[in-house]
Every structure is written in structure tokens, then in C-alpha cells.
Amino acid sequence: MFLFANATIYLGLALAIYSLLIMTLGISTKNQKYINSGKGGTIAVFICAALAMISLFYLLGTSQFQYSTVTDYTSKDLPLIYKLTALWASNSGSLLLWTFFLALYSIMITYSRKMKGNPMIPYIVSILMANAVFFFFILGFVAKPFEVLTTVPADGRGLNPMLQNPGMIIHPVTLYLGYVGLAVPFAFAMAALIMKNMDDFWIKMTRRWTIIAWLFLSLGNIFGGQWAYVELGWGGYWAWDPVENASFMPWLTATAFLHSVMIQERKNMLKVWNISLIIISYALTLFGTFLVRSGVLTSVHAFANSNLGLYFLIFMGVAVIASLYILMSRYSLLKRSAGEFQSFVSKESSFLINNLLLVGAAFAVFWGTIFPLVSEAVKGTKVTVGTPFFNTVEAPILLCMMFVMAVCPLLAWQRSTVKNLRKNFLIPAIIAVVAMALMVVLGMQKAWAVIGYGVITLLLITHFLEFYRGVKARRKMTNENPFVALYRLMVKNRRRYGGYLVHLGIACITMGIIGSQNYDLQTMKTVSLGKSIELGSYRINYDRLDQKKENNNDIVYADITVFKNGEKLGTYEPEKIFYNQTDSQPSSEVTIISSLKEDLYVVLSTWDKNGKATFLVKVNPMMDWIWIGSFMIVIGALFAIWNGKYQNITPRYTGVRKEVA
């Protein structure tokens, strides 16, 4: 097994190098046979990556402790599902997963029916194979997934208890699909520049790929936040941890890219900006990987004892410098055919403002993340940037983005007149102001919260009007009933209304963020048996402290009875789990009682031999709206990319069949 498993890595490296070289030779000599051979090589590369994945799954699942990856991340008593998902808990295994997804994306692009005959294919595949060469090299010579130990231990060290959570089964997979997925539009953009194709065909071809990558990045961040909320036992969902930031930054720039390409498609504008955005997004995926694996910043998510940082830094530098060189060499061609803004009050300008806000938010996160490194280099001491900095900077940017999202749907393309603005915005603005005044009357005193909910109200109204006016116009033409008209309106304009659903999802998430950040309640209290803790409208009675054994793990738990406004909600058991590995910290299984209004969050913290126990109790308002909004984002993105009866999302190449394709 050792020889076979390692052979898949080194053969994959050789085949990736072969595909890259033969494809490059085919491009330079315009020889279709070489190109076809390179295309076949992508299949072989994928097979090698798949076999390597299967091999590691087998070794993990069958507890082959002679392999260091198996010993370091599994144990005999670990459930099978966590033995298998330990693949991406390990450094080398997660890189293998990345390589597998990269190979998968490569063959999907190479053999896409809509790319058949497209002369961009050799260039695109060459760029993707260059990435594959790097990752196979890392797997073969730096982070070896099939490294054998000199002595075979009787059992493994086990999986980090914090990773033994359903969220960690899905979170890394979705995140890597998003990371790797951004390499696809990057490859298309570079291919278009190299071939001097200055039109927007490459954008149309990659539209679906970009949304898919964005969707997976969204899912990765959502599952990561949900995991932090239920597993880490601190009552929050986002701590501005460096590794959280690493996945959030490319999400921001990819969001900006998805918005700005619509202007290029419609108005032939922002060509240089769009290329720059996709280069930045791709570079940030590599930067995020560098942060996770370099050990330069401390994080609960980062891999320990990793020496990969320098390799990723070099690869990122080469990729960015080469990309910028290609962009600058085509700069005059891009500017020559670009359109111009005609008015500052237009849909185009709102998209540009939205882009600047998103990129500004990404830069603020980037600066806050690397500041400890900068301070250490300049002053010799590492100054940590905490949550207050990020909240202070990002909150106003978020509200500005929400305002732009609210007004953008009702702005006209090219130029909005005063009459148009008055007609579209007067009533929504009045309703939003009245809603803000009502919030103050009802006792909401925090200015940022009132402004935030007012902006969200404006957004909800303007988006409702978009749906209402569209349905009204369609019914006038077809006499359909409202539900049929709404359905057919949406499926004929999937990108537009899918985007609106995403906007509504972000509005719901913002509602949850404002509520949970401004109106949460918290207490940590030590109580004796039979005593209670009161917080807000809740009373928590501490009834019993006991312990039990489950899957060779010792569990200490407390029986608590929860009342709200004097009404009993039920009996619950917050737990502290002690895993049988001697070097692992106990983890908390928290009690969460959810409603649309708020969450009650109870953590068993410590206890003594006399039965006294300390509990962390929090009331987190509006938390369910964060998860509802996340669900709406996923639905909106899926709706936007799904093939509809009335349109094809991705165009088929119908140009001249060139010699090299």
C-alpha cells in the first residue's frame, strides 16, 4: 500500500508537469495533437489525485497506525465518520483534498460541452496544471500524506475534540471548493489577456463557475460560524480570528467581482478593475492558505508545526507578479475599448460604490490581520489587533453597503432623473424614517442599531417593490394569477431575482448581527445545588451534577430546569466532555434554546467536589435570523445558477474553430 499510495503522488506530479509542458508546446507550435495529449493528461492527473484520496481514506478508516497521518489524527475508538474526515484535519490530507478538487475542476473545464472548440482551453488548462504541479510537489516533497513511522504505536493520538462536530465534516470541504473554484475564473481571465480577447466572453463563460465558488465560500464561512457557536463554548459565532479572516477576504472581493462584471457585460466598463479583482481574489486564497500553514499567526484553526508557509508565499508571489505583468502588458488594449460613466446617480455608479466598499472592507480585514506581523517587524513586539478594531471599522462599512443595496434596484441605468428618484424613493424613505422613530419610541436607544434597522427596512421595501412591480407588469400582459406571474418572472430572470434573494439573506444576517452585538445579556455565576441564576426573563435552576461514560469518554453534566417569564421550557443537560487522549482539552456541549426572538446559551464551566458549579449564561437576540439569512443566501445563489427553461446561464462557444482548441 505504501508504494501504491506514494506512486499516485509522484505519478500525479509527473503527469501534471507533462500536461503543462505538452500543452505549452502545442500552443507555441499550434499542434492540435499536443493539445489533445495535454487534455488527456488532465484525466490522468485527476485519476492519480482520486486514487491518492481513496488510499488515504482507506488507511484512516482501517487505522493503519504505521502512517504518521493516521497516528496523529485518529484512534481506534474514534467513530468511522471522524476517522475519514480526519483526512482534511491533517495538513497533508487537506492539501491532498485541495489537489483533488483542482484536478476535478480541471477536467470539468477541459471537457465541458460548452467549451468544445474554444481556443482558450489550452491556456486555461496550462494555468490550472501549473497550480497542480505546485500542489503535487508539496505533497511529494514537503507535506507527505503517506509518511511511514519507524515504530508502529498501539493506538493513535486521536482527533482534536473540537473537530468532532458535524460542522467540521462539511466546513473544510465547502471552503476548499470555494478556494479552488476561484482558480477557474482566474485562469479564464489570464487566458483572455494572453490571447488579447478584450470582450466579455470570458466573463460569461465563467459566470456560473464564479457563483459556484462564491457559494462554496459562503457555505464555508457559514458552517465555520455555526461550528464556533455550538462547539467552542464562548457564545459567539465570529471572533475575527486570522484564519476566519483568511476565508472572509476572498469572499468579499469575489462578491465585488460578481457585481462589477455585470457592468462590463451591460456597459463595457470596468475591464481593468474586473481583471484586478479576480487576481486579488485568487491571490487571497493563496494568502489564506499561507496564514493557515505558516504558523506566523496564532489561531485555533491553524495547523501546528507547519513549514509550508514559505512555499506558499513564494508561489503566491510568482503568481501575482506574473498576473500583473500580463495585465499591464494588455492595459492599453483594455482601456481602448472600455466605456465610461455618464452620471454619478445611476445603477452603474451604485455598483462601483458597492465595489469600493467591499474592497475597502477586505483591505481593513487584511490590515488588521497582518498588523501583528508588521508591528513585530517594525518595533520588535507583536501587537495584537482585537475584535473591537474589526467591529469599529467593519460596522459602518456594512451599513453603507446595506444602504447601497437598498437604493440600487430602483436606480436607472446611465442616469437617474430627479423625478425618477422622487417617484421611487420618497415613500420607502418615509416608511424607513417612521420605522426608526417607532424603534426609538419603543425604547431602542442605541444609535447604530436604530440606523441599521432603518436601513434594513429601506432595503426590504425597495426589494419588495421590485418584486411587486415586476409581477404587476407581467400580469398586465398575461393575466396570470399573482403566484404564477411571480414564478415565471423569477425563472426568466434568474440572475436578477436570485441576487435579490441573496440581498434579502444578507439583510436577515445583518439583523441578527445588530441584535446579537448590541442587545445581548451575559453573566457567569457560581451556584450551589438547588439554587438558580436569573438573566433577563429567564431563570435557570441548578438541579443536579453527575457524570457518565460514553464511547470511552468521561462526561460531567448538570441537570438544569429553564423557565421563561415563569413558564417552564424544559430540562436540559449542558456537558463537559473529557476525551480519553491525555493531551486533549475537555470540550463543552452547550445548551441552546432557540427562538426567532433570541437564543438562551448555557455552558457548564467549572465545578467543585461539594457540587457547586459555575455557568456561563448568555441571551443572544436575533441569532436565528443569522441562520435564516444564510439559508436564503444559499437558495438565492442556487436559483441564480440553475439552468432555467427560458435561458442558458453559460453561453456555448460558437466562434471560429481554430487550429488549436
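Residues numbered from 1 in each chain as written. Predicted model: local features only at pLDDT ≥ 70, side-chain atom pairs only at ≥ 80, totals over all residues. Heavy atoms only, no water.

(A) Looking closely at helix H5 (residues 91-110). Its 20 residues give H5 an end-to-end C-alpha distance of 29 Å, which sits within 8% of 28 Å, the value for a rise of 1.5 Å per residue. Most of H5 is tucked away, with 18 of its 20 residues classed as buried. Regarding H5, its N-cap is Ser-90, as a side-chain oxygen of that residue lies 3.0 Å from the backbone nitrogen of Gly-93 further along. (Helix = DSSP H or I, 4+ residues; strand = E, 2+ residues; numbered from the N terminus. Expected span 1.5 Å × (residues − 1). Buried < 20%, exposed > 50% of the residue type's maximum accessible area, 1.4 Å probe, protein only. Polar contact = N/O pair within 3.5 Å; in protein donor to acceptor, adjacent residues only side chain to side chain.)

(B) Expanded view of the sheet that holds strand S1 (residues 521-527). Spatially, the four strands line up as an open sheet ordered S1-S10-S9-S8, and their pairing is antiparallel. Where the open sheet ends on each side, the last strands, each with one partner, are S1 and strand S8 (591-594). Strand-to-strand, the axes of this sheet are offset by a mean angle of 15 degrees, without reference to chain direction. Sheet analysis places strand S9 (residues 598-607) next to strand S10 (residues 613-621), joined by nine bridges and oriented antiparallel. When the sheet's bridge partners are listed, Thr-606 is paired in S10 with Thr-614. (Pairing = 2+ DSSP bridges. Axes fitted to C-alpha atoms, helices over the stretch in contact; angles between N-to-C directions.)

(C) Representation of unusual backbone geometry in the model. In this model, Lys-30 sits at a positive phi of 55 degrees, which is unusual for a non-glycine residue. Assignment of secondary structure puts Lys-30 in the loop between helix H1 (2-29) and helix H2 (32-61). Residue class for Lys-30 comes out partly exposed when judged on its relative accessible area of 49%. Non-glycine residue Met-622 carries a positive phi angle of around 65 degrees. Inspection of the secondary structure assignment puts Met-622 in the loop between S10 and helix H20 (623-641).

(D) Summary view of the nonpolar core. Grouped together as the largest cluster of nonpolar side chains are 165 residues, with contacts concentrated most on Met-120, Ile-124, Phe-188, Met-190 and Trp-202. Not counting chain neighbours up to four residues away, the residues in contact with Ile-124 comprise Ile-109, Met-115, Ala-187, Phe-188 and Ala-191. (Core = buried A, V, L, I, M, F, W, Y, C linked by side-chain atoms within 4.5 Å. Contact = heavy atoms within 4.5 Å.)

(E) Spatial organisation of the packing of aromatic side chains. Enumeration according to the criterion identifies 35 aromatic pairs in this entry. Ring centres 5.7 Å apart and planes at 25 degrees place the aromatic pair Trp-214 and Trp-251 in the stacked group. With Trp-214 in helix H9 (residues 201-231) and Trp-251 in helix H10 (residues 242-267), the pair connects residues that are 37 residues apart, well separated along the chain. Of the residues examined, Trp-251 reaches a relative accessible area of 14% and is grouped as buried. Plain terms: the ring middles of Phe-464 and Tyr-468 are 6.1 Å apart, the flat faces sit at 20 degrees to each other, and that makes the pair stacked. One end of the pair is Phe-464 and the other is Tyr-468, both in helix H17 (residues 447-478) and four residues apart, which spans about a single turn. Note on Phe-464: relative accessible area 54%, which makes it exposed. With relative accessibility at 43%, the residue Tyr-468 sits in the partly exposed group. Through a chain of ring-to-ring contacts, three or more aromatic side chains come together here, namely Trp-98, Phe-134, Phe-135, Tyr-176, Tyr-179, Phe-312 and Phe-315. Above the ring of Tyr-519, the side-chain terminus of Lys-446 is found at 5.4 Å from the ring centroid. (Phe/Tyr/Trp six-rings, centres within 6.5 Å; stacked < 30°, edge-to-face > 60°. Lys NZ or Arg CZ within 6 Å of the ring centre and 35° of its normal.)

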